[in-house]
Amino acid sequence: MKIGAADIAIDMDTYPTAEARLAAFHEIAGQGADVVIECAGIPSAVAESIDLARPNAQVLVLGQYTDHGPTPINPHLITKKQLKVFGSWGFSPAHYVKYVKSLPQLVKNHDLASILSVYDLENVNEALADVASGAVTKAALRPQTGN
């Protein structure tokens, strides 16, 4: 919400359970979302993303690349809702080109700097720890310039 990337947000601190988030979401979005992007990297989020999708929606599973383990899902919901479920391991070279070309527009439309925390390269372990703990949204390493 802070950077203008979404019109609606369901705060996980306010709604700590999947059931509470689903109820809050349905109050706002009715039958559900046309597109649900799961990019949290938490296995249980996959099942939750299926619950948040409306009939005939698309569910994109993008956050499971680190294999944090299995999660139970109800495949009946996929067929009953006639969902289109897609997964992606990562970018193809063509996606990188499109992404880089989109950066000027993203920076113009969204305050991306507000979610970026910059660390000097020698503080790489601190940056990794802060990302792992959730203390920062996105960490970037700054290489040392020549002396």
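Residues numbered from 1 in each chain as written. Predicted model: local features only at pLDDT ≥ 70, side-chain atom pairs only at ≥ 80, totals over all residues. Heavy atoms only, no water.

1. Digging into the pattern of salt bridges
Scanning all chains against the criterion turns up three salt bridges. Linking E48 and R21 is a salt bridge whose minimum nitrogen-to-oxygen distance equals 2.7 Å. With E48 in helix α2 (residues 43-52) and R21 in helix α1 (residues 18-29), this residue pair connects regions lying 27 residues apart in the sequence. Accessibility classification places E48 together with R21 in one group, the buried group. (Salt bridge = Lys/Arg side-chain N within 4 Å of Asp/Glu carboxyl O. Helix = DSSP H or I, 4+ residues; strand = E, 2+ residues; numbered from the N terminus. Buried < 20%, exposed > 50% of the residue type's maximum accessible area, 1.4 Å probe, protein only.)

2. Considering the packing of α1 against α2
Where α1 meets α2, the axes come as close as 10 Å, and the angle between the chain directions of the two elements is 25°. In terms of orientation, α1 lies roughly parallel with respect to α2. As for the relative orientation of α1 and α2, their crossing is right-handed in sense. Residues A18, R21, L22, F25 and H26 of α1 form the contact with α2, whose own contacting residues are E48, D51 and L52. Looking at side-chain class alone, the contact of α1 with α2 contains four nonpolar, one polar and three charged residues. (Axes fitted to C-alpha atoms, helices over the stretch in contact; angles between N-to-C directions. Parallel < 35°, antiparallel > 145°, perpendicular 65-115°, else oblique. Left-handed = near helix turned anticlockwise from the far one by under 90°. Contact = heavy atoms within 4.5 Å. Nonpolar A, V, L, I, M, F, W, Y, C, P; charged D, E, K, R; others polar.)

3. Details of the side chain of R21
The exposure class assigned to R21 is buried, which follows from its relative accessible area of 11%. A distance of 3.0 Å separates a polar atom in the side chain of R21 from the backbone oxygen of Y15. Those residues in contact with R21, other than ones at most four positions away along the chain, are I10, M12, Y15, P16 and E48. (Polar contact = N/O pair within 3.5 Å; in protein donor to acceptor, adjacent residues only side chain to side chain.)

4. Some details on the environment of L52
Mapped onto the elements of the fold, L52 is located in helix α2. Residue L52 is classed as buried on the basis of its relative accessible area, which comes to 18%. C-alpha separation for the pair L52 and D34, spaced 18 residues apart in sequence, amounts to 9.2 Å. For L52, the residues in contact, after removing those within four places along its chain, are L22, F25, G32, A33 and V36.

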